[in-house]
Structures are given as C-alpha cells and as structure tokens.
Amino acid sequence: MSDPKILVALDYDNQQQALQLVDQLKPNLCGLKVGKEMFTLFGPEFVKTLVNKGFKVFLDLKFHDIPNTVAKACKAAAELGVWMVNVHASGGSKMMHAAREALEGYENRPLLIAVTLLTSMDEVAYSEIGFKRDLPEQVEHLAGIAKSAGLDGVVCSAWEARRLKEQLGTEFKLVTPGIRPPGSEIGDQSRIMTPEQAVVAGSDYLVIGRPITKASDPLKALYEISESIVS
Ligand SMILES: O=C(O)c1cc(=O)[nH]c(=O)n1[C@@H]1O[C@H](COP(=O)(O)O)[C@@H](O)[C@H]1O
C-alpha cells in the first residue's frame, strides 16, 4: 500500500466521535494522527485500535527530553506498531541520534520525524523565544541537523518546503501541518497554505485536522481536499 498523502489529525476529546469518523475512512484514503489530547485521554489502546484497523498511524507526541528518555519513548511507540513518530529537533543531535538508534532493528520501523518550528508560530512569536537566525533559516538549520542525525524527515510549514527539498533532497520527508483549504478558518495556525499549494511546494504529507474534523460533513471535506491535490 502506498503512503497516504493526507494525515487526518484526530484531535477529539471523545473516542466514539473519533471512531465514528474513522469507521467511514479507508487506509488508502488517509493516514491518522493521534496527538497529545487523544493519547492523554485514551492512551496506547486507542492507538492500537487504529493500527489494527489497518491505518498508518502517526503518533504525534513531539518527544523533547534527554536522549535516554526520548530513545525509550520512541521504542515504546514502535512497539505500538505506529508508522510515524516525532521528536523536537531542538532537543539536539544527540537526542535525535539516540532516538534513531532506538528504532534500529524493527522490521517495519516507524518513520522518525523532527519538528522544526511549530506552524502556529509567526515572526512575532518566533522573535520572542530569542533565536538569532531568521525564521526560515532556523527551520533550515534544524532540518539540516535532523538529516545529519539520520532522521527521515521534518515537520515544517509548507512555506519552507521548497527550500528544504532543494537543500536536503527529495527523499527527506516533509510533513506539513498548517493546511487550510480556501475559505476555511485559520484558528491558531500562522504559517498556512492550501492543500494544493502545499503539494506544489513539495510537501510529502499534509496534516489536516479541523478543516476536516469540524466540517459539517467530514468525509465530504476530506474527499474535496483529496481531489484538490490530485494532479
Ligand atoms: O507535529 C504536528 O503534527 C504539528 C506540528 C506543527 O508545527 N503544527 C501543527 O499544527 N501540528 C499538529 O497538526 C495538527 C493541525 O491541526 P489543524 O490546525 O486542526 O489542521 C494538530 O494536531 C497539531 O498538533
């Protein structure tokens, strides 16, 4: 089965509601992302339920801790059978190396992806945290150290995708949240693009939550987005 292009972010506080959507979906249509909210509420069992339904599952817990702790957390994620897991690139090279090493030896090891700068950050929020490079350069810097540490790709905004593909090659995966179909609510995101623009820019996987999950007809919203990115 080829990789899905769209990863639906299941950010629900209600498991039944999430499963109601999931049961209308097919693994060849999209992957599923479980983040901090659903994992904290429903734990590994919920993740296993999705894996057992045949979906590629992105466990988005954005590990950011000392190398040993992150390595063990990544191993625990691999044991759940997830397809993708992420860490924060700002945890540093040593941490990322340890995470990558911990996944060695798994037959179907999860893709290991590093978060660069959150897509909710705009220039103002970014300048507040005190990094010296400008924002796109900082994303490029973090992506570079992630690649050197052996990671499979990064989470970034689609705005950074073109440059990252040029610099790091087509094989290095770009996972882009902050996707907003024309006319949809921006919410707390900042560095946004439409699904179509993001694919043209070089995004490998589009992470999309509320434009699908909060739509009056989520399935229709997902199909419309899928159609908009078919070239
Ligand atoms: O790692 C992520 O998935 C992530 C990184 C990032 O920089 N920005 C970002 O929005 N996300 C996640 O992507 C999803 C985006 O959801 P929507 O804004 O509802 O489409 C959320 O579940 C976020 O936790």
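Residues numbered from 1 in each chain as written. Predicted model: local features only at pLDDT ≥ 70, side-chain atom pairs only at ≥ 80, totals over all residues. Heavy atoms only, no water.

Here we take up the overall build of the chain. In terms of regular secondary structure, the chain is built from 10 helices and eight strands. Since a compact globule built from 231 residues should have a radius of gyration of about 17 Å, the 17 Å found for the chain is in line with a globular shape. Judged by the C-alpha coordinates and their principal axes, the chain covers about 45 × 40 × 30 Å. A buried classification covers 52% of the 231 residues belonging to the chain. Across the chain, every contact between residues at least 6 apart in sequence was considered, and the portion connecting residues at least 24 apart equals 68%. Here the chain has roughly 11,100 Å² of accessible surface; of this, 51% comes from carbon and sulfur atoms. (Helix = DSSP H or I, 4+ residues; strand = E, 2+ residues; numbered from the N terminus. Rg over C-alpha atoms; globule rule 2.2 N^0.38 Å. Buried < 20%, exposed > 50% of the residue type's maximum accessible area, 1.4 Å probe, protein only. Contact = heavy atoms within 4.5 Å. Areas by Shrake-Rupley, 256 points an atom, 1.4 Å probe, with all protein chains shown as cover.)

Quick look at the state of the cysteines now. Evaluated as defined, the whole model comprises zero disulfides. Not part of a disulfide, C74 finds its nearest cysteine sulfur in C156, a span of 19 Å. Relative accessible area serves as the criterion here: at 0%, C74 is assigned to the buried category. For C156, a relative accessible area of 0% translates into the label buried. (Disulfide = S-S within 2.5 Å.)

With that settled, consider the nonpolar core. Formed by 67 residues in total, the largest nonpolar core has its most connected members in L10 and V87. The next biggest cluster of nonpolar side chains, apart from the first, holds 12 residues, and it includes A9, V115, V175 and Y205. (Core = buried A, V, L, I, M, F, W, Y, C linked by side-chain atoms within 4.5 Å.)

Looking now at the pattern of salt bridges. Should their charged atoms come close, side chains of opposite charge can pair. For the coordinates displayed, the defined rule picks out 12 salt bridges. Taken together, the shared-partner salt bridges connect K33, D60 and K62 into one network. (Salt bridge = Lys/Arg side-chain N within 4 Å of Asp/Glu carboxyl O.)

Compared with an ideal rise of 1.5 Å per residue, which puts 17 residues at 24 Å, helix α2 (residues 36-52) spans 20 Å between its outermost C-alpha atoms and falls more than 12% short. All of the buried residues in α2 are M38, G43, F46, V47 and L50. In this structure, the buried side of α2 is in contact with α1 (15-22), β2 (31-34) and β3 (57-63). Where α2 terminates, the next one or two residues include G54, which has phi positive at roughly 95°. (Expected span 1.5 Å × (residues − 1).)

Turning our attention to the sheet that holds β3. Pairing is parallel in the closed barrel, where eight strands are placed in the order β1-β2-β3-β4-β5-β6-β7-β8. Geometrically, the sheet is characterised by an average inter-axis angle of 25° between neighbouring strands, direction not taken into account. Sheet analysis places strand β4 (residues 84-88) next to strand β5 (residues 111-115), joined by five bridges and oriented parallel. Bridge pairing links N86 to I113 in β5. (Pairing = 2+ DSSP bridges. Axes fitted to C-alpha atoms, helices over the stretch in contact; angles between N-to-C directions.)

Looking at the ligand, there are 17 residues lining it, with D11, K33, T119, R180 and R210 nearest. Here a nitrogen atom of the ligand sits 2.7 Å away from a polar atom, N or O, in the side chain of T119. Across the complex, the protein chains shield 90% of the 500 Å² of accessible surface that the ligand would expose by itself. (Near = heavy atom within 4 Å. Polar contact = N/O pair within 3.5 Å; in protein donor to acceptor, adjacent residues only side chain to side chain.)

The next subject is the side chain of K56. The residue K56 is located in the loop between α2 and β3 in this model. Given the relative accessible area of 15%, K56 is considered buried. Among the polar contacts listed, one links the side chain of K56 to the side chain of D3, at a separation of 2.6 Å.

Looking now at the pairing of strand β1 (residues 6-9). Across the two faces of β1 the burial is the same, with I6 and V8 and L7 and A9 all buried. Pairing analysis gives three bridges linking β1 to strand β8 (residues 205-208), with the strands arranged parallel. Opposite L7, over in β8, you have V207 as the bridge partner. Bridge count between β1 and β2: three bridges; the pairing is parallel. When the bridges of β2 are listed, V8 appears paired with L32.

Geometric values such as these leave the question of function open.
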